[in-house]
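Listed below are the residues making up each chain.
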Amino acid sequence: MTSTSTIVMPGDRIAAIEELAKSKRVILGPGLRRQDETVVASKAGPLRHKEPSTFWVDNYQRRYIPARGDLVLGIVRSKAGDLYRVDIGAADTASISYLAFESATKKNRPDLNPGDLIYARVLNASADIEPELVCVNSVGKRGKLGLLAEGFFFKCSLNLGRMLLRENCPVLAALTRELPYEIAIGVNGRIWLKAHSLRETIALANAIVALEQAGYTEIDKICDNLGDFLQA
Amino acid sequence: MNLPGKMDVEKDKLRQMHCEFNPLSRCDGSVMYSQGATVVIAAVLGPIEVKTQNLSIDGSYLECNYRPKAGLPQVKERIREAAIRDVLELALLAEAHPRSKMSVQVQELEDRGSVDACAVNSACLAMLIGGLPLKCSFAAVHCIINEQGEYLLDPDQSETLHQRASFTFAFDSVEGNLLLVQTKGAFKIAQFNDIECLCRAASAEIFQFYRSQIAKYHGRSEAIADQKEEPSSMET
């Protein structure tokens, strides 16, 4: 990734991608759309490029748009017959079948109540259908998915969530040096945290939320200040 | 946010624009935007759940609300809402999110002239930062003909006291098409054409402002992208 990405605005034609598309197969990610032979941006933000030929617009967003395969945090809203209705922060509430949990059978239903927090994978999602979630992987094992008990839940922007989910994110490593904790990050801009005590949990949550406000340039400062949060 | 005092701006220049992104925490995108001393806050929510009566399988439903600084919304505010909604509908890529609603809320904080144009511009900025899919961005410019017959671009409220005619134009960013025309008062067609050209030229400045504000907003987060690639490099 280049350090100075060009900012594109909606309606901008991206000639560079059109040029590339003449010789190679180009993948247009979120924020870009194809209009006949032209490539036009539909969102405002820096244009990102991943080798060999994937382009997208990295715009600021808080509202989650469901996509297949995403790992999301959802809050169970209600039970409706054979499924649970889960709020994942999208336009529609998602549904999750009670059989989509490890070792769940018709007789052995999972113990989920409205208000519970679950970490699930999006099975099916598109603009025209309601998203569907599962809490098992393709071989029927739960892995890291399922109910998240206790801990603290808060929301952030999608950009912050994605940044934390990157490999080698310096933030999480820096926080681990300070104190042990458990974290679940959903790509839908929701984070769940659990540390040994309430004070530590809130301190960590404040540190992560501060990143969003501070503009990400002060990771080290925030991690040093974590000590102050704990003293307070 | 400090309100700028009445500065001496030439009559064919826009007043100073200022914007602050995301002052509100509960919506999907918001902006506090000012042109001179006129200030508005705009917020967007979307795509969100829509009532069955407004549900459309072809695209999203666009709702627009404008609230005055004092008192309940009256017919005057409904006219503003309709004007803003018409412009937004042309720019929004509704097909991207069928069966949903995009809600745009504009709150007037201070009306010191050209508040229609200000409201439209703030709605555009809110949609840009809220991540709504758009076909283009748009900008509105307000211009008046004063008693002496001069054209005053983006007038302050004190300058509009004895205006002969008032014009609000909105343009799109891609081809410069006219999206909105609101006129009041008596004028000749030649004057209308001149003012349209003047406003179109001014709208380029507004589009540049949008671009620079978005760039500045993302400039904060560029540093972390760099830090991830080269953790040992100097901070930008």
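Residues numbered from 1 in each chain as written. Chains lettered and ligands numbered in written order. Predicted model: local features only at pLDDT ≥ 70, side-chain atom pairs only at ≥ 80, totals over all residues. Heavy atoms only, no water.

Looking at an unreviewed UniProt entry, one finds chain B named Exoribonuclease phosphorolytic domain-containing protein and attributed to Drosophila gunungcola. Per UniProt, chain B carries the Subcellular location (unreviewed entry) text "Nucleus". The record held by UniProt for chain B lists under Sequence similarities (unreviewed entry) the comment "Belongs to the RNase PH family." (UniProt positions renumbered as here; feature names shortened; annotations may be inferred.)

Per an unreviewed UniProt entry, the recorded name for chain A is Exosome complex component RRP40, and the organism is Drosophila gunungcola. The record held by UniProt for chain A lists under Sequence similarities (unreviewed entry) the comment "Belongs to the RRP40 family."

Novice: What exactly am I supposed to notice about the overall build of chain A here?
Specialist: In terms of regular secondary structure, chain A is built from five helices and 15 strands. For chain A, the spread of C-alpha atoms along the principal axes amounts to about 55 × 50 × 30 Å. Looking at chain A as a whole, 49% of its 232 residues are labelled buried. Per element, the accessible surface of chain A, about 11,900 Å² overall, is 50% carbon and sulfur. Looking at charge distribution, chain A has the averaged site of its 30 positive side-chain charges lying 4 Å from that of its 27 negative ones. (Helix = DSSP H or I, 4+ residues; strand = E, 2+ residues; numbered from the N terminus. Buried < 20%, exposed > 50% of the residue type's maximum accessible area, 1.4 Å probe, protein only. Areas by Shrake-Rupley, 256 points an atom, 1.4 Å probe, with all protein chains shown as cover. Lys, Arg positive; Asp, Glu negative; His and termini not counted. Charge placed at Lys NZ, Arg CZ, Asp CG, Glu CD.)

Novice: Just checking my understanding: could you explain unusual backbone geometry for this structure?
Specialist: Apart from glycine, the bulk of residues carry a negative phi angle, and the bulk of peptide bonds sit in the trans form. Cis geometry marks the peptide bond from glutamate 51 of chain A to proline 52 of chain A; its omega dihedral reads 0°. Structurally, the position occupied by proline 52 of chain A is in the loop between strand 5 (45–50) and strand 6 (54–57). Here the bond from glycine 46 of chain B into proline 47 of chain B is cis, since omega is -5°, no more than 30 degrees from zero. Unusually for a residue other than glycine, arginine 99 of chain B sits at a positive phi of about 60°.

Novice: How should I be thinking about the layout of surface pockets in this particular structure?
Specialist: Any space left empty among the atoms is revealed by the rolling of a water-sized probe across them. Looking at the second largest pocket, its volume works out to about 830 Å³. Around the second largest pocket sit 31 residues that line it, and Arg62 and Lys155 of chain A together with Ser25, Arg26 and Cys27 of chain B are the ones nearest its centre. Taken together, the elements giving at least two residues each to the lining of the second largest pocket come down to helix 4 (198–214) of chain A together with helix 3 (189–229) of chain B. Residues of the lining of the second largest pocket, tallied by class, amount to 12 nonpolar, eight polar and 11 charged. (1 Å grid on protein atoms, 1.4 Å probe; cavity = no way out; pocket = protein on both sides within 12 Å on 5 of 7 lines; lining within 4 Å. Points joined across faces, edges and corners; volume = space filled by probe spheres on them. Nonpolar A, V, L, I, M, F, W, Y, C, P; charged D, E, K, R; others polar.)

Novice: What should I look at first to understand the pairing of strand 1 (residues 17–21) of chain B in this one?
Specialist: Within a regular strand, side chains alternate between the sheet's two faces. Residue and element names in this part refer to chain B. Burial along strand 1 is one-sided: Met17, Cys19 and Phe21 are buried, while His18 and Glu20, pointing the other way, are not. Here strand 1 runs beside strand 2 (residues 29–35); their pairing, made up of five bridges, is antiparallel. Across the sheet, glutamate 20 pairs through a bridge with methionine 32, a residue of strand 2. (Pairing = 2+ DSSP bridges.)

Novice: What is the right way to look at the packing of aromatic side chains in this model?
Specialist: Aromatic ring pairs are described here by two measures, namely the spacing of the ring centres and the angle between the planes. Across all of its chains, the model carries 12 aromatic pairs over all chains by this definition. Between tyrosine 33 of chain B and phenylalanine 209 of chain B the ring centres are 6.2 Å apart and the planes differ by 55°, which places this aromatic pair in the tilted class. Here tyrosine 33 of chain B, found in strand 2, pairs with phenylalanine 209 of chain B, found in helix 3; they are 176 residues apart in sequence, far enough to count as distant. Each member of the aromatic cluster is reached from another via a ring pair, and the members are Phe167, Phe169, Phe171, Phe187 and Phe192 of chain B. Residue placement shows arginine 109 of chain A over the ring face of tyrosine 98 of chain A; its charged tip is 4.0 Å from the ring centre. (Phe/Tyr/Trp six-rings, centres within 6.5 Å; stacked < 30°, edge-to-face > 60°. Lys NZ or Arg CZ within 6 Å of the ring centre and 35° of its normal.)

Novice: I tried to follow the UniProt feature "domain: Exosome complex exonuclease Rrp40 N-terminal" (unreviewed entry) in chain A on my own but got confused; where do I start?
Specialist: The UniProt record marks residues 26–63 of chain A with the feature "domain: Exosome complex exonuclease Rrp40 N-terminal" (unreviewed entry), using the residue numbering of this structure. Here residues 26–63 of chain A runs as 0% helix and 53% strand, with 27 Å between its end C-alpha atoms.

Novice: Any chance you could explain the sheet that holds strand 14 (residues 181–186) of chain A here in plain terms?
Specialist: Backbone-to-backbone hydrogen bonds join strands into a sheet, with any given pair of strands oriented parallel or antiparallel. All names here are of chain A. Taken together, the three strands give an open sheet; going across it, the order is 13-15-14, and neighbouring strands pair in antiparallel fashion. The open sheet has two edge strands with one neighbour each: strand 13 (152–155) and strand 14. Sheet twist, expressed as the mean angle between neighbouring strand axes with direction ignored, is 20°. Pairing of strand 13 with strand 15 (residues 190–195), which is carried by four bridges, proceeds in the antiparallel orientation. Among the inter-strand pairings, phenylalanine 152 is bridged to a residue of strand 15, identified as leucine 193. (Axes fitted to C-alpha atoms, helices over the stretch in contact; angles between N-to-C directions.)

Novice: Teacher, can you tell me more about helix 2 (residues 115–130) of chain B here?
Specialist: Because the α-helix completes a turn every 3.6 residues, residues three or four places apart line up on one side. Residue and element names in this part refer to chain B. Here helix 2 spans 22 Å end to end across 16 residues, near enough to the 22 Å set by a 1.5 Å rise per residue. Of all 16 residues in helix 2, 15 are buried, a share of seventy percent or more. Phi turns positive one or two residues past the end of helix 2, at glycine 131, with a value near 75°. (Expected span 1.5 Å × (residues − 1).)

Novice: Please clarify how the UniProt feature "domain: Exoribonuclease phosphorolytic" (unreviewed entry) in chain B should be interpreted in this entry.
Specialist: UniProt marks residues 14–133 of chain B with the feature "domain: Exoribonuclease phosphorolytic" (unreviewed entry), using the numbering shown here. Counted over residues 14–133 of chain B, helix gives 28% and strand 33%. Its end C-alpha atoms are 28 Å apart.

Novice: Hey, could you run me through a nonpolar patch on the surface in this one?
Specialist: All names here are of chain A. Together, Phe152, Leu198 and Ile202 give the surface a local cluster of nonpolar side chains, amounting to about 270 Å² of exposed area. Position of isoleucine 202 among the secondary structure elements: in helix 4. Using a relative accessible area of 32% as the deciding quantity, one classes isoleucine 202 as partly exposed. (Patch = residues over 30% accessible without salt bridge, like charges linked within 9 Å, V, L, I, M, F, W, Y side chains within 5 Å. Salt bridge = Lys/Arg side-chain N within 4 Å of Asp/Glu carboxyl O.)

Novice: Would you mind showing me how to read the pattern of salt bridges here?
Specialist: If charged atoms from side chains of opposite charge come close, those side chains can pair. Enumeration according to the criterion identifies 21 salt bridges over all chains in this entry. As a salt-bridge pair, arginine 162 of chain A and aspartate 58 of chain A come within 3.3 Å of each other at their nearest N and O atoms. Highlighted residues: arginine 162 of chain A in helix 2 (residues 158–165) and aspartate 58 of chain A in the loop between strand 6 and strand 7 (71–80), separated in sequence by 104 residues. Arginine 162 of chain A gets classed as partly exposed once you look at its relative accessible area, which sits at 38%. Under the relative-accessibility criterion, aspartate 58 of chain A is labelled buried at 14%. Between lysine 69 of chain B and glutamate 110 of chain B there is a salt bridge, with the nearest N and O atoms lying 3.5 Å from each other. On the criterion of sequence distance, the pair formed by lysine 69 of chain B in the loop between strand 4 (61–67) and helix 1 (75–91) and glutamate 110 of chain B in strand 5 (residues 101–110) is long-range, its members being 41 residues apart.

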